[in-house]
Each structure stands twice: as structure tokens, then as C-alpha cells.
Amino acid sequence: MAQREPDMGSSGGNHSGRSGQFALMAGSFIGTYHTVSLNVSIPAFADIFEADPASLQWLVTGFMLAAGMIAPISGYLGARFGYKRIFAVCMAGLTLTSVCCGLAWNLGSLIVFRTMQGVFSGLIQPVALALLYLIVPRPKQRLAVSVWSAASITASAVAPSASGWFQGVHWPLMFWVTVIPSAAAMFIGLRYLPEAASLERPGLDGWGMMLAAAASAAFLLVFGNLHAWGPGSPAAILGLAAGTLAAVLFVFRELRTPEPMLQLRLFASRTFTASAAVSVVLIAGLYAGTYFLPLYFQHIRLYTSFEVGLLFLPGACAVTAATIVSGKLAGRTGEFAWIASGAALLIISTLAFAKFDSATGTAYAVFWMCMRNVGIGFSLTPLLNSGMQAVAKEMAGHASALLLWARQVFGGIGVGCFVSFFYQRLEARSRSMHGDAGTAADRAGGGADPAAYMAGLQDTFWLIVLFLAAALPVLLMLRHKPPRESCASRGENVHIRS
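Notes on the structure in this doc start here. (Residues numbered from 1 in each chain as written. Predicted model: local features only at pLDDT ≥ 70, side-chain atom pairs only at ≥ 80, totals over all residues. Heavy atoms only, no water.)

1. Looking at the side chain of S279
Selection rule: Going along the chain from the N terminus, every DSSP run of H or I of four or more residues is numbered as a helix, and every run of E of two or more is numbered as a strand. Type-normalised accessible area, obtained with a 1.4 Å probe on protein chains alone, sets the label of each residue: buried when under 20%, exposed when over 50%, and partly exposed for intermediate values. Should any heavy atoms of two residues lie within 4.5 Å, those residues are considered in contact.
Here S279 is to be found in helix α13 (residues 270–300). Using a relative accessible area of 2% as the deciding quantity, one classes S279 as buried. In this view, S279 contacts L383 and R407; residues no more than four positions away in its chain are not counted.

The following block contains the structure:
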């Protein structure tokens, strides 16, 4: 079956094109904001709703499960119904769920609304990225993607500051602040984005969808709760077995079906595979830093959640500038130099985190947080461009879905492993310092002796350093640009640029 180009409609000229890209940036910013907005604010909901602190984790776990399960079908939804329509549905969904989150009357209702919000946040990133690669001419894609990435990455740095402040004023504002921007992005997208729908509507790979969702949910659930369940617990073993079985069946299904939900044969491209692998490692390192640095400032330095958020603002400026600079210059110098320098900065800054202690100066800590974000800005957008440009234009939807799904799921798995390791080291350090007394309380984290807590954080940052360094050999596969080749239709053996 011949694959025809998507119907791009008419963008209405340069002004319309810029307006459409602005809508995509706004949508990605809002989706990322909701993904990380509760990172430093979750403990306060125990007092707001008089809830069990152990239940608070579901505010994040439910969201991540929904986002990880829905992301794989973004390519099918875009091709079947049109990326413009799916983008509008996502923005409408984020608008509605943000209103509902602010109206939540107890922790259970907030968890339900947050999980629903995760569905639309999980879809918006791959849908926006696919649209961007479809509507922007190839010579301008690097800069367009760098600006789009800057919006997403900046949101991850700004969200803790904004949500911490809003929580101190009136907690529903944490969610309501995005209502008007979400609605505005929806209307702008409907007005200015082209249809970008496939002229040949694909069929639904129902088995593939269910298997991908089952594997994503099982792995995210297990690794998100590994520190509480324990690696050898029946729940963890059963979850890993179920996730592995679903993943194996999913791969077997996708390689044999004529119209796969995700085109796994894209991984036959060495460049695409290397880009995805390095991205997963760097994203896991980024998420881990975003998780553990607030713990350091709150439990060791005793800052409030709002003060921690303010400390992240310089990093937000740094990552925005670095992302735009790398997008502008990578086309002249090549992506590899930027990816390598960014990865090196990320490793060096994580080494600095491993040496933090209770006497570390705030300015020194903020400096290395900025260097970490510069490394992220230097590397992530060139990595994305390397992977996306290794496939033909008509496969942009499948490629963006694969890349962002891998980031979402494996990034979550990586963070879950780091969190589990942290609590194990916290218990071991506490036992070595104080014997068995207080070990049960230490497992909860907040009641730990500061010296043991700091030692556990240092051990975890050293593990993150080793994890990041493991990506360096794979990174070398990106030294050479792939030749340009055509891409076959879905269901055929995909010709990609190796």
C-alpha cells in the first residue's frame, strides 16, 4: 500500500505559521508544567486534605501511569483523526481537568482529576512535536524545535517555583493558572494549524494498544513503588513478570501486523536508536535531579517549598538560553558536539551534587544547578533533531511517539530505581550510624537523621553519575550524519537513514 503525504492544508502564510507554532509551544509548556508542578508541593496536600501522607504518591503515580499508557497511540490518533483535532482535544482536556483539580474536595478526587490530566499531558508532547516536523520546512526545523524544546524544558524549571508560590497563596491557583492559556492555545491551534491528517486512514491496532498500555502501566507502577514494596516483594515480581510478558508480546505483534500502532522498525536506524537511548539516559538523569535536589534543600537546608522553587528560577533561564543557542548553532557545527558537551556538563554537575553537604553555599549549589540545566539545553534538542531527521517526513508521527514514549516510560523507570536505591542507602547509612533504632522511621525519609539523609543523597548522586557515563559509548554512534533515504509506508519494512 502506497503511503501518501499528509494533507497539510494551508497555514495561511508566515503570520499563520508563527501563530500555529506559538500554539504548539504553549501547549507543550502547559503539558510539561502539569507534569512537574507538584514535585516540591506534594507534602503540603497532607495538611490541606488531612490525608495519609503515603497516599500522596498517587498524585504523581496516577498521572505518570496515564501519560505513559496514552503516549504510544498518539501516532495512530494523529493519522486517523488529524493532528490538529487531537491537539485541540488535548488543550480542551487540560483546560477542563485543570478546573476540576482546583475544585477537588478531597485527596481521592484530586488523584482522579490528576490522572485524567495525565492522559492529555501524555498526548500533547508527541502530537505537538509531530505537527512541528510536519509544518516546518526542513531547513528551519532545528531552530523551530529548539524554541519548542525551550518552552517545554523551561516549564520543568519554572513549574516548581510557580506552584510553590500559588500553593502558599491559594492552592487551587496551582491548576487554575493554566486554564486561560490552555483555552487560548486551543483556539489559536484551531484557527492557524493545518489539518496534517493522513489521506489514507489507518486501522486501529487494538492488541498493540492494549499490550503497550499494559507494559507501560506495569513497569511504571512497579518502579514507581519499588522503594515501598521492595525488589523481592510478590507485587514487584508479579508486576515485572506481567510487564515483561506484555512488552515481548507487543514487540512480536508490532513487527508482524500490517499497520502497527508504533513503527518499531524505525529502530533499525542506528542514528534513531542511539538518539532514543541517549535521550532516555539523560532524561532519567534530569528527572532524578529534579526529584532529589528539592529533597536536599528541604530536608538538609530546611528551605520551604516556595524558597526551593525560587532557587530553580536561575536554572530555568539557563536552560532556555542554552536550548535556543544550541538550536541556532547546531546546524552549522553539527549536533554531536553539542550533545557531547551537554552530556559532559550534566555528568560534571551531578558529580558536584554528590559532594554537597549541609555546609554547601546556596550560591554554589545554584551555580551547579544552572550548569546542569545548560547541559540539558545543549544536548536534548540536538538529540531530538538527530533522531527525527533520521526518518522520512511522513513517519514523523510514529517517530515522535516512539521517542517521547521511551523518554516517558524509561525515564520514569530510571527515577523509580534511583528512589529505591536512595531509601535502601538511607536505611543502610542510618543503621551504620545509629544501629537498628529508628530504622522504620527512616524508611519514610522525612524522619531520618540529617547526616544519614545526606549520605544517602550522596550515594544516589554517585549512582546517577555512573548511569549517565554509561551513555557515552552509545553517544559516539551519533558522530556522523545519516544519508537521506526515502521511507516506505506503514506496514512495510521501513527504509530509514542508518
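2. Notes on the environment of G75
Mapped onto the secondary structure, G75 falls in helix α4 (residues 74–81). According to the relative accessible area criterion, G75 is buried, its value standing at 5%. Apart from the residues within four sequence positions on either side, G75 is in contact with Y83, G397 and A401.

3. Examining the pattern of salt bridges
Applied cut-off: Here, a salt bridge means any Lys or Arg side-chain nitrogen found within 4 Å of an Asp or Glu carboxyl oxygen.
According to the stated counting rule, one finds three salt bridges in the structure shown. For E427, the salt bridge is made with R431, and the minimal N-O distance between the two is 2.9 Å. On the criterion of helical spacing, the pair formed by E427 and R431 is a turn pair, its members being four residues apart in helix α18 (residues 396–434). Judged by its relative accessible area of 35%, R431 is partly exposed. Several salt bridges converge on common partners, so that one network encompasses R425, R429 and D459.

4. Topic: the side chain of S275
With respect to the helices and strands, S275 occurs in helix α13. Overall, S275 belongs to the buried group, its relative accessible area being 0%. Beyond its immediate stretch of four places on either side in the chain, S275 contacts L383, L384, S386, G387, L403 and L478.

5. Notes on helix α16 (residues 335–354)
Cut-off, in case you're wondering: Each helix should span, by expectation, one fewer than its residue count multiplied by 1.5 Å.
With 20 residues, α16 should reach 28 Å at 1.5 Å per residue; the first-to-last C-alpha distance of 29 Å fits that figure. Every buried residue of α16 is listed here: E335, W338, I339, G342, A343, L346, I347, S349, T350, A352, F353 and A354. Along its buried surface, α16 packs onto α7 (138–169), α13, α15 (313–333), α17 (362–388), α20 (450–469) and α21 (472–475).

6. Observations regarding the nonpolar core
Considering soluble globular proteins, one finds that nonpolar side chains tend to be buried as a cluster. For clarity, the cut-off: Take the buried Ala, Val, Leu, Ile, Met, Phe, Trp, Tyr and Cys residues and link them wherever side-chain atoms come within 4.5 Å; each set so joined is a nonpolar core.
Judged by nonpolar contacts, the single largest core of 64 residues is most densely connected at L24, F87, M91, F250, L262, F272 and M388. For this core, the element with the highest residue contribution is helix α6 (residues 107–135), accounting for 11 residues. If near-sequence neighbours (up to four positions away) are discounted, F87 is found in contact with A23, L24, G27, I124, V127, L131, A185, G189 and L193. Residues I283, L286, C370 and F418 belong to the second largest nonpolar core, which totals 57 residues.

7. Here's the deal with α20
Quick reminder: α-helices carry 3.6 residues per turn. Residues three or four places apart thus point the same way. Across its 20 residues, α20 extends 29 Å between first and last C-alpha, which sits within 8% of the 28 Å expected from 1.5 Å per residue. Looking only at α20, the buried set comprises A452, Y453, M454, A455, G456, L457, D459, T460, F461, I464, V465 and L468.

8. Observations regarding the packing of aromatic side chains
Spelled out, the test is: For Phe, Tyr and Trp, rings pair up if their centres lie within 6.5 Å, where Trp contributes its six-membered ring, and each pair is then called stacked (planes under 30 degrees apart), edge-to-face (over 60) or tilted (otherwise). Two conditions define a charge sitting above a ring: the NZ of Lys or the CZ of Arg must be within 6 Å of the ring centre, and it must be within 35 degrees of the ring normal.
Within this structure, the stated rule accounts for 21 aromatic pairs. Aromatic pair F45 and F49: ring centres 6.0 Å apart, planes at 15 degrees, arrangement stacked. F49 carries the same exposure label as F45, and that label is buried. Plain terms: the ring middles of W105 and F113 are 6.1 Å apart, the flat faces sit at 80 degrees to each other, and that makes the pair edge-to-face. The ring of F81 is capped by R80, whose NZ or CZ atom sits 5.1 Å from the centre of that ring.

9. A closer look at the packing of helix α5 (residues 83–102) against α6
For any two helices packed against each other, the geometry comes down to the angle between their axes and how far apart the axes lie. Rules: Helix axes are fitted to C-alpha atoms over the stretch in contact, other axes to C-alpha atoms as well, and angles between N-to-C directions run from 0 to 180 degrees. Note on terminology: angles under 35 degrees are roughly parallel, angles over 145 are roughly antiparallel, angles of 65 to 115 are roughly perpendicular, and the others are oblique. Note: crossing handedness is left-handed where the near helix turns anticlockwise from the far helix by less than a right angle, and right-handed where it turns clockwise.
At their nearest, the axes of α5 and α6 sit 8 Å apart, and the two run at 155 degrees to each other. Considering the angle they form, α5 stands roughly antiparallel to α6. Read as a crossing pair, α5 and α6 show a hand that is left-handed.

10. Section: unusual backbone geometry
Of note in this structure, L302 is not a glycine but carries a positive phi near 65 degrees. With respect to the element layout, L302 can be found in the loop between α13 and α14 (305–311). The class for L302 is exposed, based on a relative accessible area of 67%.

Keep in mind these numbers describe shape, not what the thing actually does.
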